[in-house]
Amino acid sequence: MDAARVEELILEGKNSQEIRKKLKGRTQKSYEIKNKGKKVAQEVISTVKLPHPIYIDSASGGTMTDVDGNTYIDTTMGFGPIILGHNHEAIKDALNAQMEKGWLFGLPADQQFELGELLTEASPCAEEVIFANTGTEATMYAMRAARAFSGKSKIGVFDSAYHGGHDYALLFATYEEGTNSKPNGMYASAGISNVIKDETLMLLPYRNEAAYDMIRKNKDDLAAIILEGSQNSNPRLNNKDFLQGLRDVCTECDVLLILDEVVTGFRVDYGGIQGYYGIKADLATYGKILGGGFPIGAVAGREDIMAVFSGKGGERRIFHGGTFNGNPFSMVAGIAALSYLKEHKDTVYPSLMEKGNRLANEINDFCEKNDYPAQILNAGSKFHMKFQREPINSGFDIKNYYGGKHKQAENEFYLHLLGQDVIVPGVRLSFICDAHTDDDVSKIIDSMKYSFNAVREDGLF
């Protein structure tokens, strides 16, 4: 269907026009804010952009309320950190208590050691820990540490991966036909020197055993490989064999294995993806849930590698630091979140897994039976809908990250979903939290089914 015909269907579609009228009518304050803030750069970032502008005033449990007083079931969950639910009492109490003592010291406080101990207990590879402010910083420092420790210059990264916003994290595959086993790279951003791509990074194929031989052939140059145990763009929990193969070949070739647990840490299991699969990395990076909803990053790993941070590594010592590293609010919020998860892990994680799997299974069954070109990929409570029916193994199988030939239908789907009071973020990566009830999950499922049908009635599927 050509673009002109799609536009006609939207303009003529009864459901398309009704949902626009409904949303505009109930979000007047949001429209005022949007018009007032047109020059704010955040408005054009895809992770934030929604199919209709709304601005959030408050959040509680599994819901958010906009400035116009409309309440939605939230699947953004702060882009992953909010696993217990918004405004959780345990975290709020810890923050209120800290507020009386002060919120930024610069110098160390005992909370850093307490959160560090919780992380080393939970993370299979963590013998020592350093804190940063974001997951981006964590992966950047982990790569730097691997280079310093090994004396080698290159880091292996995988197609479709996301490791933050620094220059070494934004090499993506071109997805040219015939390059599945040896992907070609391109930057996801302007302003990055080709020297980084050509001399410091190597692009490896995800979920493809050709990666093993590439590591072997380049072992003298590879300091480490880094990957998400469950990619944000391709969430799944059937990667154990592939990860174990990487673990084995890295050990064989004296190449460090870095697992990016910024999203999977404390999400799929209290021990993260390492605990879920029983696979131990050399270094792991953390963020998101670790900070209880406050900014945080961390690198954890073997004592001999972590020595490059402390100076025990001698001439191999690396720089790391930041004004807000280990700040009291992030520490006490993280302690409260992890302490709660540790105490309730036998109930929280099975419940999250069940809710996430029920959502994915019911929607996938609905789409298959009704011939809708969509499917949900999920790793327990982390899920991502793709608008295609073709099977997906890796990024090479994803027709387009934001819709492809179904782009307009996808946009209309999320517009209707918002009208049904369910928020899915612009990046489409979504989460279930502990505060989401079974009824909330049922509401999400029913709203997705309604939205698919509404789009089809207007002729877009």
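Quantities reported herein were computed from a predicted structural model and do not represent experimental measurements. (Residues numbered from 1 in each chain as written. Predicted model: local features only at pLDDT ≥ 70, side-chain atom pairs only at ≥ 80, totals over all residues. Heavy atoms only, no water.)

**Student:** Looking at this structure, how should I read the overall build of the protein chain?
**Tutor:** Regarding its fold elements, the protein chain presents 14 helices and 16 strands. In terms of C-alpha radius of gyration, the protein chain reaches 22 Å, essentially the compact-globule figure of 23 Å for 461 residues. With the principal axes as the frame, the protein chain shows a C-alpha extent of 70 × 60 × 45 Å. Counting contacts in the protein chain only where the partners sit at least 6 residues apart, residues at least 24 apart contribute 71% of the total. (Helix = DSSP H or I, 4+ residues; strand = E, 2+ residues; numbered from the N terminus. Rg over C-alpha atoms; globule rule 2.2 N^0.38 Å. Contact = heavy atoms within 4.5 Å.)

**Student:** Mind showing me how you'd approach the sheet that holds strand β16 (residues 429-431) here?
**Tutor:** Within a sheet, adjacent strands bond to each other through the backbone by hydrogen bonds, running parallel or antiparallel. Strand order in the open sheet made by the 3 strands is β13-β14-β16, with antiparallel pairing throughout. Edge positions in the sheet fall to β13 (375-379) and β16, since each has one partner strand and no second. For this sheet, the mean angle separating the axes of adjacent strands, direction not counted, is 30 degrees. Note that β13 and strand β14 (residues 382-386) share 5 bridges and pair antiparallel. Opposite Gln375, over in β14, you have Lys386 as the bridge partner. Running at roughly 160 degrees to β13, helix α12 (residues 328-369) makes contact with β13 and β14 of the sheet. (Pairing = 2+ DSSP bridges. Axes fitted to C-alpha atoms, helices over the stretch in contact; angles between N-to-C directions.)

**Student:** It is not clear to me how the sheet that holds strand β3 (residues 71-74) should be interpreted in this structure. Could you clarify?
**Tutor:** Spatially, the 4 strands line up as an open sheet ordered β1-β2-β3-β15, and their pairing is mixed. In the strand order of this sheet, the two ends are held by β1 (56-60) and β15 (422-423), each with one partner. Pairing geometry for β3 and β15, over 2 bridges, is parallel. Opposite Asp74, over in β15, you have Ile423 as the bridge partner.

**Student:** Where do I start with the packing of aromatic side chains in this structure?
**Tutor:** Two measures describe an aromatic ring pair: the distance that separates the ring centres and the angle between the ring planes. Inspection of the entire model under this criterion finds 20 aromatic pairs. Aromatic side chains Tyr372 and Phe461 sit 5.5 Å apart centroid to centroid with 70 degrees between the ring planes, which places their arrangement in the edge-to-face category. Here Phe461 lies in the segment after α14 (438-457) and Tyr372 lies in the loop between α12 and β13, a separation of 89 residues in the sequence. By relative accessible area, Tyr372 is classed as buried at 1%. On the basis of an interplanar angle of 40 degrees and a centroid distance of 4.4 Å, the ring pair of Phe413 and Phe452 is categorised as tilted. Here the residue Phe413 occupies a position in helix α13 (residues 407-419), and Phe452 occupies one in helix α14, the gap between them amounting to 39 residues. Just as Phe413 is buried, Phe452 falls in that class too. (Phe/Tyr/Trp six-rings, centres within 6.5 Å; stacked < 30°, edge-to-face > 60°. Buried < 20%, exposed > 50% of the residue type's maximum accessible area, 1.4 Å probe, protein only.)

**Student:** Whenever I open this one, the nonpolar core confuses me. Can you help?
**Tutor:** Among the nonpolar cores identified, the biggest contains 60 residues, and Phe266, Leu290, Leu359, Met385, Met448 and Phe452 are the most heavily contacted of them. Looking at this core, the elements that each hand over two or more residues are α4 (89-99), α5 (110-122), β11 (283-286), β12 (297-301), α12, β14, α13 and α14. With 17 residues, the top contributor of residues to this core is α12. Dropping the residues within four chain positions of it, Met448 is found in contact with Leu359, Ile363, Ile376, Phe383, Met385, Phe413 and Leu417. (Core = buried A, V, L, I, M, F, W, Y, C linked by side-chain atoms within 4.5 Å.)

**Student:** Would you explain helix α2 (residues 14-26) in this entry?
**Tutor:** Given 3.6 residues per turn, any residue in an α-helix points the same way as the ones three and four places further on. With 13 residues, α2 should reach 18 Å at 1.5 Å per residue; the first-to-last C-alpha distance of 19 Å fits that figure. Among the residues making up α2, those that are buried are Asn15, Ser16, Ile19, Leu23 and Arg26. The buried side chains of α2 occupy one side of the element, clustering within an arc of 120 degrees when seen end-on. Projecting away from the buried face of α2 at angles above 90 degrees are the exposed residues Lys14, Lys21 and Gly25. (Expected span 1.5 Å × (residues − 1). Arc of directions from axis to C-beta.)

These values are about where atoms sit, not about what they do.
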